[in-house]
Amino acid sequence: MRFLTLLLVGLCSLMLNAETIPITHFSQMPTIAQPSVSPDGSKIAAIFNTTDQTQVVISDYGSTELKTIVALGGEKYRIDNIAWANNQRVLVTVSQPYVAFGIRVRTTHIYSADLKGESVFELRRNRGGKQTANQFYFESPTLLSVLENDPAHILVTLRDERDDNYSSVFKVNVNTGDFSKYLPNANKIVGWSPDKNGDILLGIGVTGQRNDLTKIVYVRKDTNSDWKKVKTFTPYESETFDPVLYDAESNSIIVLSDHKLHKQALWKFDIATAEFSELLGEAPGTLDVSSAIVESKGNSRKVVGYRYIDNFVKRIFFDKEKLNISSQIESLFAKQGLKATLYDFDESETKYIVSAVSDNSPMKFYLYDKSKQNISYWFSQYPYLEGKKLAYVSAITFKARDGMELKGYLTLPNNVENAPLVLFPHGGPYARDYQYFDPFVQMMANQGYAVLQVNFRGSTGFGNKYETAGYHQWGKAMQTDLLDAVNWVKENGYADTSNACIAGASYGGYAALVAGFQTPDQFKCIISIAGVSDLNEQMSLWRKKGFLSYIENAVKGEDESIKAISPIYHVDKFKVPVLLIHGKKDQLVSYRQSESMYDALKNADKEVEYQEFEYGTHHLNDANNRIKSMELMAEFLAEHLKD
């Protein structure tokens with residue numbers, strides 16, 4: 001392959017001197033998100049964010065001139081995803097907050113838009129007559145598959161009352177919006193998967209019995225055959241089994257499983273023998289494979305590789321040509337200190353989008369034209385941060401008090417000695433932090449704080465033992481892991497741990513509140529964004545949502561033991577100021593968790609502030625909410641972490 005020419009247009013490799021950067025430069029939503037090349041390689045579609053609007057834009061491949069075809073204003077509606085239906089139309093999935101079955105949810109709405117933005121309409125089955133709130137929710141379609149050999153149609157799933165409101169597959173005309181039943185559901189299927197030819201030959205079903213967590217895998221040899229039950233499994237009780245696709249030729253399922261290796265890996269499962277027949281790919285050491293790389297071309301789908309995360313995402317391709325291109329791209333950008341990956345490409349695999357990012361440089365997109373052997377800069381997600389001297393994020397390893405080896409990240413501010421510390425635990429809790437650029441981390445570092453992120457026990461991606469060590473450890477070992485990390489920073493003299501605050505979102509917000517009563521003298525302030533304050537109330541919501549296996553196996557305890565680790569029952573022990581932030585449309589953790597915590601702290605004469613956003617989501621992924629949240633955090637930290 002000829003040497004690639006790298007045109008670093010708009011990207012300065014020489015960083016400027018450290019400076020205090022306006023918070024609005026960190027708090028904006030990513031300018032460009034989800035860029036996607038059209039099947040014929042002539043266009044790019046992307047989500048474009050401004051301060052007051054989210055848009056879907058189109059550009060010619062190779063051009064930075066953007067045309068808006070869909071625009072949403074305000075905080076209520078959100079553009080979640082985009083996809084090419086064909087070379088002439090783009091599918092736009094929009095969601096809005098809604099209440100069904102007495103719980104807060106989001107309904108999805110799929111729009112079909114032409115490339116001029118002149119023909120835009122919702123793809124929604126017209127049933128006629130009035131609908132109840134529950135029926136309206138059931139009618140929310142989810143995109144299952146585009147049909148590239150049938151460009152006028154796509155497949156969607158929605159809950160059909162004729163199938164007892166289980167997931168049914170419909171074929172939809174993207175030009176007219178007409179729906180037709182494509183595949184009925186007689187087996188209580190809750191998830192479908194197209195095979196390598198685009199046919200629906202695999203489904204995951206349930207028994208339908210209350211509190212029965214069993215999953216059932218069904219396959220059929222072709223679209224004219226009957227469904228056959230081939231495997232059952234129970235989450236948390238048996239080996240994991242996450243099907244990717246069914247291969248009728250070999251009568252096998254490509255699946256992610258922790259079979260034999262005690263970590264997620266990519267396997268082939270032989271249906272005739274009901275055994276795992278071949279290991280297709282695994283990550284180094286105890287790391288998990290996070291996902292399969294599935295390539296769609298025409299109506300065919302095949303697994304072409306897999307991903308795992310070792311601080312940054314690694315992509316391993318089975319195909320030698322893709323592996324060579326990927327390796328060359330990675331090597332080229334590594335010279336600029338960036339981690340680059342093949343982000344998207346057209347059907348002919350000639351026109352590529354390349355993403356590049358590092359710990360202290362935001363994600364930016366480049367266009368690689370294979371036919372011209374040329375790479376050119378396209379857009380950055382945070383253009384106002386390009387060329388700024390941001391803080392380096394260092395991967396760390398330390399031992400918890402019980403000897404378990406843990407991972408994490410420490411970000412030290414530029415030109416600040418013995419900086420105040422912000423402990424910043426991640427959400428989930430069964431998730432993880434990465435070494436990637438994070439606007440919240442970089443904002444705090446730019447304000448002069450050291451930021452400590454901990455992949456405490458229970459974090460995912462490091463194998464079964466690491467994750468399961470966190471089961472039943474809310475407010476217990478997962479909490480002491482955070483404190484052990486702070487002690488490690490203290491012992492090594494990396495930051496001033498006597499001048500520290502703890503801040504987090506979701507589970508991280510819960511952990512921050514737990515610190516308020518378990519270690520009331522450890523931190524000078526507490527910030528909880530969308531945090532849980534009453535674990536009993538949170539488990540009640542999980543039960544309504546059907547997360548029974550999660551409660552039983554990862555959280556469950558007796559009522560009194562749950563109260564012992566729920567901050568709202570211990571407000572009398574709080575000694576330091578608390579900042580609570582929550583969105584009222586949060587469907588994962590009710591805003592009443594923060595509202596009740598605020599009332600309890602106020603009634604106990606504790607120092608507390610509360611900011612509530614009318615249309616805020618769990619992740620506060622609206623520009624105005626994000627800006628206000630970061631400003632509040634910065635002001636609160638500045639007030640309580642004084643020199």
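Rules used throughout
- Residues numbered from 1 in each chain as written.
- Predicted model: local features only at pLDDT ≥ 70, side-chain atom pairs only at ≥ 80, totals over all residues.
- Heavy atoms only, no water.
- Core = buried A, V, L, I, M, F, W, Y, C linked by side-chain atoms within 4.5 Å.
- Buried < 20%, exposed > 50% of the residue type's maximum accessible area, 1.4 Å probe, protein only.
- Helix = DSSP H or I, 4+ residues; strand = E, 2+ residues; numbered from the N terminus.
- Contact = heavy atoms within 4.5 Å.
- Pairing = 2+ DSSP bridges.
- Axes fitted to C-alpha atoms, helices over the stretch in contact; angles between N-to-C directions.
- Polar contact = N/O pair within 3.5 Å; in protein donor to acceptor, adjacent residues only side chain to side chain.
- Expected span 1.5 Å × (residues − 1).
- Arc of directions from axis to C-beta.

## Overview of the nonpolar core
Within the largest apolar cluster, 71 residues are counted, with the highest numbers of intra-cluster contacts made by L452 and W474. At eight residues, helix α7 (residues 507–518) tops the list of elements feeding residues into this core. Beyond its immediate chain neighbours, meaning those up to four positions away, L452 contacts I396, Y409, L410, L421, V422, L423, F424, A485, V486 and V489. Within the second largest apolar cluster, 33 residues are counted, among which are I23, Y382, L632 and A634.

## Details of the sheet that holds strand β5 (residues 67–73)
Taken in spatial order, the four strands line up as β2-β3-β4-β5 in an open sheet, and their pairing is antiparallel. Of all strands in the sheet, those with a lone pairing partner are β2 (32–37) and β5, marking the two edges. Mean inter-strand twist for the sheet, computed between neighbouring axes without regard to direction, equals 15°. The pairing of strand β4 (residues 53–60) with β5 spans six bridges and is antiparallel. The residue bridging T54 from the neighbouring strand is L72, located in β5.

## Looking at the environment of S506
Considering the arrangement of structural elements, one finds S506 in the loop between β33 (496–505) and α7. Classification of S506 by relative accessible area gives buried; the value is 14%. Between the alpha carbons of S506 and S528 there is a distance of 7.8 Å; along the sequence they are 22 residues apart. In this view, S506 contacts G427, G428, I529, A530, G531, V532 and H618; residues no more than four positions away in its chain are not counted.

## Re the side chain of E139
Among the structural elements, E139 can be located in the loop between α2 (133–138) and β10 (142–146). Polar contacts involving the side chain of E139 include one to the side chain of R125, which spans 2.5 Å.

## A word on helix α11 (residues 592–603)
Along its twelve residues, α11 runs 16 Å from first to last C-alpha, staying within 8% of the 16 Å computed at 1.5 Å per residue. Listed in full, the buried residues belonging to α11 are Q593, S594, M597, A600 and L601. Relative to the axis of α11, the buried residues are bounded by an arc of 125° and lie together on one face. Tucked into the core, α11 has its buried residues touching α7, α8 (535–545), β35 (578–583) and β36 (608–613). Just downstream of α11 lies D605, where phi reads positive at about 60°.

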